[in-house]
Amino acid sequence: MKIRAALLEEFGKPMAIRELDLAPPKPGEVLVKIHACGVCHTDLYTWSGVDPSGYAPTVLGHEGAGVVEEVGEGVTSLRPGDHVITLFSPECGACDHCSSGKTNICTAIREQQGQGFLPDGTPRLSIDGEPVRHFMGTSTFAEYTVMPEIALAKVDSTAPLDKICTLACGATTGLAAAIHRASVEPGSSVAVFGCGLVGLGAVAGSQIAGAETIIAVDNSPERLAIAESYGATHLFPGGSDAVERILEMTGGNGVDYTFEATGITAVMQQAVEAARFGWGVCTVLGVAGKGETLDIVPRLLITGRTVQGGSFGGAKGRTHVPQFVDMYMDGKLDLDGFVSHHLSLDEVMKGFDLMEAQDGIRSVITF
Ligand SMILES: [Zn+2]
Ligand SMILES: [Zn+2]
């Protein structure tokens, strides 16, 4: 079929909306009509050419939500009309990793996905007969996409797709980091460094988990105000004295849980240092630049702090994402406050401009 999609032809050059060919789903695959897609920093990062694993031509986009149009042979868990959220992090439930119960990082299709192919090693996208690779296994800056069944989370069909698409990446990363990866406990203290979508998700997740003190750290007063609306109890500007201020207000001990959501290694270091003496857990969520390293004084570890990371916040996509959608529909989680701009597919580059200007939290493309 013919589809309109934003085609990345050359890194750093504006993406044009082109007509591409999309082949029908093969066995185990699903054709999805995309209704909404968030514009995430990872799209911008790959578009810029800085990502060492990036390739072109490709169709970016990975924060998609839509409706199943057609299923390939052998697909049993989805059927036409189902509402789905796209998962760059699949959950097959059967690979060594999935069955270990110890990680959310599914290995079933990892190798082919990383190279831009569907699990059989070929792309479904092409233009003028030339193959176009998929991005993050999703390629949702497009009217339609074909994805493996295991990379689609079936969700409540009454939920607004232009809000729940934020759960395809950023919001879930923060929420799951607090609720599932760090398992924030009721009555505990938390500090979140960076209040973009991931950090705000961590603030919201910590509040849902019952944290008593939630310190939000960010340089933008606008973002801190939004963090406050999501449950932050203390608002600190970023900077070299952020750790000192956190230690001061906690009797020199630090907080039970820290979350880093900036990708800046100096801030990751602060998140480690602000974690509590004895049992503090620091969860690193930001993606640092190529070759950058994180400096940690070993004494901080010996005296009881734990440092961990979490791809997709540790969320198991097919299990946890539908739960977050239900929490939103039950009024326990606000996603509306994350969506600051609505754009058309033709305005995709404006989404990048808004992100670079740190204007708003999330731009969502609706189709
Ligand atoms: Zn993302
Ligand atoms: Zn798996």
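Residues numbered from 1 in each chain as written. Chains lettered and ligands numbered in written order. Predicted model: local features only at pLDDT ≥ 70, side-chain atom pairs only at ≥ 80, totals over all residues.

1. Side note on the domain arrangement of the chain
Inference 1: According to the domain assignment, the chain consists of domain 1 (2-168 + 335-366) and domain 2 (174-310).
Inference 2: Put simply, the middle of domain 1 and the middle of domain 2, counted by C-alpha atoms, are 29 Å apart.
Inference 3: Contact residues are listed per partner, giving 7 residues for domain 1 and 7 residues for domain 2.
Inference 4: Considering only residue class, the side of domain 1 that touches domain 2 consists of 3 nonpolar, 3 polar and 1 charged. (Domains from an automatic or database assignment. Contact = placed C-beta atoms within 7 Å. Nonpolar A, V, L, I, M, F, W, Y, C, P; charged D, E, K, R; others polar.)

2. A closer look at the nonpolar core
As a rule of thumb, nonpolar side chains are buried together in soluble globular proteins.
Inference 1: The biggest cluster of nonpolar side chains holds 109 residues, and the ones touching the most others in it are Val-59, Ile-85, Ile-164, Val-192, Leu-200, Val-203 and Phe-259.
Inference 2: With sequence-adjacent residues up to four places away left out, Val-203 is seen in contact with Val-192, Ile-214, Ala-216, Ala-227, Tyr-230, Gly-231 and Ala-232. (Core = buried A, V, L, I, M, F, W, Y, C linked by C-beta atoms within 7 Å. Buried ≥ 20, exposed ≤ 12 C-beta atoms within 10 Å, placed from the backbone.)

3. A look at the environment of Ile-127
Inference 1: Here Ile-127 shows up in strand β7 (residues 125-127).
Inference 2: Remark: the alpha-carbon pair of Ile-127 and Tyr-45, spanning 82 residues in sequence, is separated by 24 Å.
Inference 3: In contact with Ile-127, not counting residues within four places along its chain, are Leu-7, Arg-18, Leu-20, Asp-21 and Val-132. (Helix = DSSP H or I, 4+ residues; strand = E, 2+ residues; numbered from the N terminus.)

4. Let's talk about the sheet that holds β7
Inference 1: Read from one edge to the other, the open sheet built from 5 strands follows the order β1-β2-β7-β8-β4, with strand pairing classed as mixed. For this open sheet the edge positions go to β1 (2-7) and β4 (58-59), each flanked by a neighbour on one side alone.
Inference 2: Relative to strand β8 (residues 130-134), β4 is paired through 2 bridges, and the arrangement is parallel. Within β8, the residue paired with Thr-58 across the bridge is Arg-133. (Pairing = 2+ DSSP bridges.)

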